[in-house]
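# Remarks on the overall topology
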Amino acid sequence: MFVHIDGPWSPLLGRLALSEIPYNNPILIGTFAFAALLAVVLVGLVTYLGLWRTIWRDWLTSVDHKKIGIMYILIGLVMLFRGFMDAVMMRAQQAMAVGPHSAGYLDSPHGYLTPYHFDQIYTAHGTIMILFAATPLLVGIMNILVPLQIGARDMAYPYLNAVSLWLTAAGAALVMASLFIGDFAHAGWFGIVPVMELPYSPGVGVDYWMWAFQLSAVGTTLGGINLLATIVKMRAPGMTWGRLPIFTWASLSANLISLSTFPVVTVALALLALDRYFGTHFYTAGLGGNLMLYNDLFWIWGHPEVYFVILPAFGMISEIVPTFSEKPLFGYLGMVLASLGIAGVSWGVWLHHFFTMAASPAVNAFFSITTMAVGIPTGVKVFNWAFTMFRGRLRFELPMMWASAALFFLLVGGLTGMMNAFATNDYMVHNSVFVVAHFHMMLLLIVYAIFGGVNYWFPKVFGFRLEQRFGKMFFWLFTAGTAVVFIPMFTLGFMGMTRRLAYVAFPQWGPLLDIEVVGIAIYVLSAVFLVAQLYVSFRDRAKNRAGLDAWETSRSLEWMTHSPVPFYNFAVTPEVHARDERAWRVARGVDTVRPERYEDIHMPRNTAIPLWLGVLSFGLAFGLVWRMWWLVEVCAVAIIALVVIRSFDHDTDYTIAAKEIERMERAIRDVPSGRPAADDVIGGVPAFRQGV
Amino acid sequence: MSATTSGTLDAKKSPMWSSGHGHDVISTKTLGFWLYLLGDAMMFTALFAAYAVLGHAFNAAGGPWIRTVAHAGVAFRETAWLFASVLAYGFAMMALKKGNRGGVLLWITAALLIALGFLAVDGHEVMALFRMGAVPERSGFLSAFFTLVLYHGLHVVVGIAWMLVMLVQVASAGLTEKVVYRLLNLRLFWHFQAVMWVFMFTFLYLRGAIV
Amino acid sequence: MTHGTDNAWEHPEVQLAGGGYVAAFVVGLALMGLSFWMVRGHMFAPAGLAIAISAVAAVAALVQCVLLLHMNVSRTQVWQTVALVLFIPLFVLTIGLTSWMFHGLYRRTMMMPAAHAGAPATQAQAGGA
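What this report covers is the structure whose coordinates are included nearby. What you see is a predicted model, and the numbers here were worked out from it, not measured in a lab.

What follows deals with the overall build of chain B. Each helix and strand in chain B was counted, giving six helices and zero strands. Taken along the three principal axes of its C-alpha coordinates, chain B extends 80 × 55 × 25 Å. The proportion of buried residues among the 211 residues of chain B is 54%.

Right, let's get into the overall build of chain A. What chain A contains, in helices and strands, is 20 helices and two strands. For 692 residues, the compact-globule estimate of 2.2 N^0.38 gives 26 Å, and chain A sits close to it at 25 Å. Classification of the 692 residues of chain A by burial places 55% in the buried group. The long-range share in chain A, meaning contacts at least 24 apart out of those at least 6 apart in sequence, stands at 82%.

For the rest of this paragraph, the subject is the packing of helix α6 (residues 205–233) of chain A against helix α7 (residues 246–278) of chain A. Residue and element names in this part refer to chain A. Look at α6 against α7: their axes get within 8 Å of each other, and the N-to-C directions meet at 150 degrees. As far as their axial angle goes, α7 and α6 are roughly antiparallel. Read as a crossing pair, α6 and α7 show a hand that is left-handed. Class assignment for the residues of the contact of α6 with α7 results in 17 nonpolar, nine polar and two charged.

The partner chain C presents 49 residues to the 50 residues of chain B that form the contact. Among the secondary structure elements, those contributing two or more residues to the side of chain B that touches chain C are α1 (25–54), α3 (72–97) and α6 (177–210) of chain B. For the side of chain B that touches chain C, the leading source of residues is α6(B), giving 15 residues. Split by residue class, the side of chain B that touches chain C holds 36 nonpolar, eleven polar and three charged.

Looking now at α6(A). In this model, α6(A) (29 residues) spans 42 Å end to end at C-alpha, consistent with the 42 Å of a helix rising 1.5 Å per residue. The buried fraction of α6(A) amounts to 28 of the 29 residues, a majority that puts the element mostly inside the structure.

So, about the environment of A:Val454. Looking at the element boundaries, A:Val454 is found in helix α14 (residues 433–462). Between the C-alpha atoms of A:Val454 and A:Pro574, which are 120 residues apart in sequence, the distance is 25 Å.

Residue and element names in this part refer to chain A. Locating Ile520 in the fold gives a position in helix α16 (residues 510–539). You can call Ile520 buried: it has 20 C-beta atoms within 10 Å. A sequence separation of 146 residues divides Ile520 from Arg666, and the C-alpha atoms of the two residues are 50 Å apart. Ile520 has contacts with Ala87, Val88, Arg91 and Val485, leaving out every residue within four places of it along the chain.

The subject of this paragraph is the nonpolar core. Counting residues in each nonpolar core, the largest one holds 311 residues, and the members touching the most others are A:Leu174, A:Ala268 and B:Ala50. Looking at this core, the element that brings in the most residues is α6(B), giving 22 residues. When we break this core down by domain, the ones giving at least three residues each are domain 1 (1–70) and domain 2 (79–129) of chain C. Excluding its chain neighbours within four sequence positions, the residues that come into contact with A:Ala268 are A:Tyr294, A:Leu297, A:Phe298 and A:Trp301. Counting twelve residues, the second largest nonpolar core, distinct from the first, contains A:Tyr568, A:Val572, A:Ile661 and B:Met16.

This brings us to unusual backbone geometry. Residues and elements named next belong to chain A. Cis geometry is adopted by the peptide bond preceding Pro194, which originates at Val193 and carries an omega value of 0 degrees. On the secondary structure map, Pro194 appears in the loop between α5 (158–180) and α6. Looking along the chain, the bond that leaves Ser563 and enters Pro564 is cis, with omega of -10 degrees. Looking at the secondary structure, you find Pro564 in the loop between α16 and α17 (581–587). Of note in this structure, Leu106 is not a glycine but carries a positive phi near 50 degrees. Mapped onto the secondary structure, Leu106 falls in the loop between α3 (65–96) and α4 (115–149).

Okay, helix α1 (residues 20–40) of chain C next. Residue and element names in this part refer to chain C. Between the first and last C-alpha of α1 there are 29 Å, a value that for 21 residues agrees with the 30 Å anticipated at 1.5 Å per step. Those residues of α1 that fall on the buried side of the exposure criterion are Tyr21, Ala24, Phe25, Gly28, Leu31, Met32, Ser35, Phe36 and Val39. Buried residues of α1, seen end-on, are gathered within an arc of 150 degrees and therefore sit on one face of the element. Turned more than 90 degrees away from the buried face of α1, the exposed residues are Val26, Ala30 and Trp37. Looking one or two residues beyond α1, the residue adopting positive phi is His42, at roughly 45 degrees.

Let us look at the packing of α6(A) against helix α18 (residues 609–626) of chain A. Packed helix pairs are characterised by how far apart their axes lie and by the angle those axes make with each other. Residues and elements named next belong to chain A. Where α6 meets α18, the closest approach of the two axes is 9 Å, and the angle between their N-to-C directions is 155 degrees. Between α6 and α18, the crossing angle belongs to the class labelled roughly antiparallel. In terms of crossing hand, the pair formed by α6 and α18 is right-handed. Residues Asp207, Tyr208, Trp211 and Leu215 of α6 pack against Ser617, Ala621, Leu624 and Val625 of α18.

Definitions and limits used
Every chain begins its residue count from 1, and numbering advances along the sequence as written. Lettering of chains starts at A and numbering of ligands starts at 1, both following the order in which they are written. Only residues with pLDDT of 70 or above have their local features reported here, since the model is predicted, and side-chain atom pairs are shown and tallied only from 80 upward, although totals for entire chains, interfaces and linings are computed over all residues. By the criteria applied, helices consist of DSSP H or I runs no shorter than four residues and strands consist of E runs no shorter than two, each listed in order from the N terminus. Here the C-beta atoms are placed from the backbone, and a residue counts as buried if at least 20 other C-beta atoms lie within 10 Å of its own, exposed if 12 or fewer do, and partly exposed otherwise. Using C-alpha atoms as the atom set, the radius of gyration is obtained and then compared with a globule rule of 2.2 Å times the number of residues to the power 0.38. Residue pairs qualify as contacts under a 7 Å threshold applied to their C-beta atoms, which are placed from the backbone. A fitted line through C-alpha atoms serves as each axis, taken over the contacting stretch for helices, and the angle formed by two N-to-C directions is quoted from 0 to 180°. Convention used here: angles under 35 degrees read as roughly parallel, angles over 145 as roughly antiparallel, angles from 65 to 115 as roughly perpendicular, and any remaining angle as oblique. By convention, the crossing between two helices is left-handed when the near helix turns anticlockwise from the far helix through less than a right angle, and right-handed when the turn is clockwise. In the scheme used here, Gly and all other residues not listed as nonpolar or charged are polar, with Ala, Val, Leu, Ile, Met, Phe, Trp, Tyr, Cys and Pro taken as nonpolar and Asp, Glu, Lys and Arg as charged. Residue count minus one, scaled by 1.5 Å, sets the expected span of a helix. By definition, a nonpolar core groups buried Ala, Val, Leu, Ile, Met, Phe, Trp, Tyr and Cys residues that are joined through C-beta atoms within 7 Å. Delimitation of the domains relies on an automatic or database domain assignment. This arc corresponds to the set of directions leading from the helix axis out to the C-beta atoms.

These figures capture arrangement, not role.
Have a look at this one:
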């Protein structure tokens, strides 16, 4: 039944053998040594501080949407670091391997990376940055904010939320495992067929890529369902659609995209898996297969995915700009319609990724026009932000700096995107680094919005503000790095440089590639200031302690509960009266967190099952990659058994008595200002303690 | 003016905190499951799109094509089995409406047995095709055809397994809130796959008799 | 809002169940039978038949959505219906645009002698058989 693969195979280890460990590659050994050292230090630190119990009880088994959000963000940051290191390696290779006389090191004819290794690095960079950095970071932020913004206690399905998290974590772990066991795909982040077919890629790289992708896709789909149901069903009384905070609207639009498109990529990859494991002919070049089918299905997901990550970024900018302009958002309705419009149009543009692939002129014209139409709702957003700032009392604090820089990158990326939207022009720049520079502008706008959002909501989640001086230095250096890397990249695109070159044949491109390396060095330098910012913020957390509203002019519901937010979010569910409820209450002098009376709260109980499901999914995928069939069978049966067993568990919730809530609320309020809420390292005690 | 409410609302008098607010667990669960089914429908859509691309005669690569592999008569018998199972599950829902636990058990058992009848016809048909050499790895067309057929069959298998679990839960726990929302979700799932079957029957099996 | 009763089965969504299921069974099977009969008897030319059975399938799916899946705008069902209405254009777009693109692609790039009923061999531009 299964396709036969030449080469050694054993029942116990499948295709895995000692020779699959890249112990002869000094780069990977160095990376492994670094990772192992880091792991030892972390394990030692946690053991020394005696935190194992806390980590297990309060984090790994948690179903609290805020903690799950924080864990998503941690995964995103770790993977962002990994993806960044890939970028550094690529820049170095392209700067070294210029011209026929350039030196070669480590078995490579030019530069220090062999072409096969280089291919894996750009594949990993793209896959990681989109699926395992940007997506978890944004899903994490949505996880934390959406329930708070609509006045809910938790997500609609807290247990499913944890399952989504651990599926994403399993996918990320699989990508990391490929570094040290076997290798990774070499067919680009979106996969090129028929290169990914078994005859051309008999190794395990494509399998690693495929299953990691699949795990993350399933996790994100389930997360999307959860957020949609939360927004529809869990809103506090009075939180009508017309009063929904704009970030929540953006999340709603984004998750409509994720729910409708991730299943398509699941199918695209499942069909690839059938080709690779069962020998079907979906994407093969012969026997009636059609390799363009893969491109079609993949990009039906691929382009909407771009809007899936950009809409929450727009939502964050829309929250930050009014707060620091001290004005309500200009054109709320326009903003809502623009978000939904972007989500809608995203469904009709995918073919612009393969304009050059022989579709008929009418088809190209159609997709060209729909692609340009994306500019309309995006333009509405840009003007709304501009009019929000117009005659506002602008305060350029850190979140506002990141948000306004994001606008700049949106303009650069958006306008170059409009250039690519012309099918005729796309024939010129297709596959050049001009396109690469364009979509890096768009993704950097998301990174800017994320840094803005993190600076903005950090005090809400942790109870203290981030330090500003190092933060601003980080901002300026990061921005300088962006300019120095990507302006030369746009130029090289116009000079005709194509993507994915392990060897640069034209020496005249060398100087610009050298400048890009300078830019990368500035990025590295900026990261030092980020670390400094985090360290100083943590050291001075007592001094930077935030009240309910860390910025004094915030407007939405999440600023109406304590910072950090208690695990039950709101002691009593608020009644909503206005679009900017916090601003409405402040204007009327009723902004107290002390309700008339307390009530019992019903909360979901912690459970380790989602974590085990994640571990088993990892095992399942790892078994499939290496064709260890026993592992696949054991994990599949265990997953089904766990799901059924969980369905027989009747004790999944518990109730906290009103008196207990009142006691905890008083404990938070009675802390004198200027001191952390408790000696807890993070901030406030109730924030991260959960009844069991 | 940021607020959508009128300025006349007296903030000092209107309630700031809601009391006795609870949300409807059953409706929340069914909405989420319906959203999941829409995602599943999108997977069917993608498979149908793949079939639309790979369904031409030249995609059969000289092997068996739709005329040979799709038997409309057998498919119509399968349709009758499937719709009858859906109807039986509907009767289980009508028993649930009256809180009739025995009726729920009886009709779910009936739905399950009829679904096994469908699987028997479906499985027999697929095996016969395999024996005549029409296997998924023969051509792009057969890959797309069998993937759709087996994906729908997988739904029936999952539905049957789910019915077994629900029989145990209804018998052991009774008609509690959790059991009721799961019965409702299973209803959605079971009726949804029948809607998908309408498209399978029309565009796979009947189309085979036309071209 | 809670539904104010202790019996979970008195929830309004359970109470949606009713005789519609029998109607759905009868109508659904009759419509499928109609399609089957039209195809068996070759009632129209192939193109006409394709349109006819597609229309019947659309009606059957609609009937089932209303009677079996309870798609309506009542308080308990409205969001289910809204979600479905939002998704239907996406189903159509996915299959429609994909078919459109591949129709052109096949005609323009692939060699398909006689096998392809829709396009005469002379229109295959990328070379002879």
